[in-house]
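Per-entry structural report
Listed below, chain by chain, are the residues.
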Amino acid sequence: MAFGNSGTTLAHALSYPLSNEGIPHGEAVAMVLPYALEFNGFDAEVIKEVKGILRDLKLGREVKGDIEEMARIVMEDKKI
Ligand SMILES: [Fe+2]
């Protein structure tokens, strides 16, 4: 119901290709959150704090997917 009324955010859209590679949804959203915050003009200190939290929680991993294919998935998604 919440998504139907408001949609989700950039981090959600960016996470879908990572989830397609088997990364759990919450971890995938966390991995791309700093980049979504940067794109949306958040303060650098906020982004630094978020990155620190992700590092402390040991979230993030190497992704071997095709970046062009991942970008295509994100750009074609209409559920943002
Ligand atoms: Fe979600």
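In case you missed it, the structure is sitting above this.
An account of the accompanying structure is given in this report. Predicted, not measured: the structure shown is a model, and the values here were computed from it.

1. Let's talk about the coordination of the iron ion
For a metal with four tetrahedral donors the ideal donor-metal-donor angle is 109.5 degrees, while six octahedral donors give ideal angles of 90 or 180 degrees. Surrounding the iron ion are the protein donor atoms His12 (NE2) and His25 (NE2), which sit 2.1 to 2.2 Å from the metal. Taken together, the residues span a long stretch of sequence, with His12 in helix α2 (residues 10-20) and His25 in helix α3 (residues 25-39) at a distance of 13 residues.

2. Here's the deal with α2
Buried residues of α2: Ala11, His12, Ala13, Ser15, Pro17 and Leu18, and no others. One or two positions beyond α2, positive phi appears at Gly22, with a value near 100 degrees.

3. Focus: the environment of Glu69
Within the fold, Glu69 resides in helix α5 (residues 67-76). C-alpha separation for the pair Glu69 and Pro17, spaced 52 residues apart in sequence, amounts to 8.3 Å. Within the structure, the side chain of Glu69 is placed 2.5 Å from the side chain of Arg72, a separation counted as a polar contact.

4. Focus: the nonpolar core
Counting nine residues, the largest nonpolar core is built from Ala11, Leu18, Ile23, Ala28, Val29, Met31, Val32, Ala36 and Met70. Elements represented by at least two residues in this core include exactly α2 and α3. Among the elements that take part in this core, α3 stands out by supplying five residues, more than any other. When residues no more than four places from it in sequence are discounted, the contact partners of Val29 are Ala11, His12 and Ser15. Judged by nonpolar contacts, the second largest core, of five residues, contains Leu37, Ile47, Val50 and Leu54.

Basis of the calculations
- Sequence positions are assigned chain by chain, starting from 1 and proceeding in written order.
- Given that this is a predicted model, residues contribute local features only at a pLDDT of at least 70 and side-chain atom pairs are listed and counted only at 80 or more, while totals for whole chains, interfaces and linings are drawn from all residues.
- Calculation of side-chain values draws on the structure's entire complement of heavy atoms; hydrogens and water are dropped beforehand.
- Here the coordinating atoms are restricted to nitrogen, oxygen and sulfur within 2.8 Å of the metal centre, or 3.2 Å for Na, K and Ca, and because water is not among them the sites may look incomplete.
- Secondary structure is summarised from DSSP: a helix means a run of H or I of at least four residues, a strand means a run of E of at least two, and numbering begins at the N terminus for each.
- Per-residue accessibility, obtained with a 1.4 Å probe over protein chains only, is compared with the maximum for each type, and a residue is labelled buried under 20%, exposed over 50%, and partly exposed between these values.
- Definition of a polar contact: a pair of N or O atoms within 3.5 Å, with one able to donate and the other able to accept a hydrogen when the atoms are protein atoms, and with sequence-neighbouring residues admitted only if both atoms are side-chain atoms.
- For this analysis, a nonpolar core means a set of buried residues of the types Ala, Val, Leu, Ile, Met, Phe, Trp, Tyr and Cys, connected via side-chain atoms within 4.5 Å.
- The contact criterion used throughout is that any non-hydrogen atoms of two residues lie within 4.5 Å.

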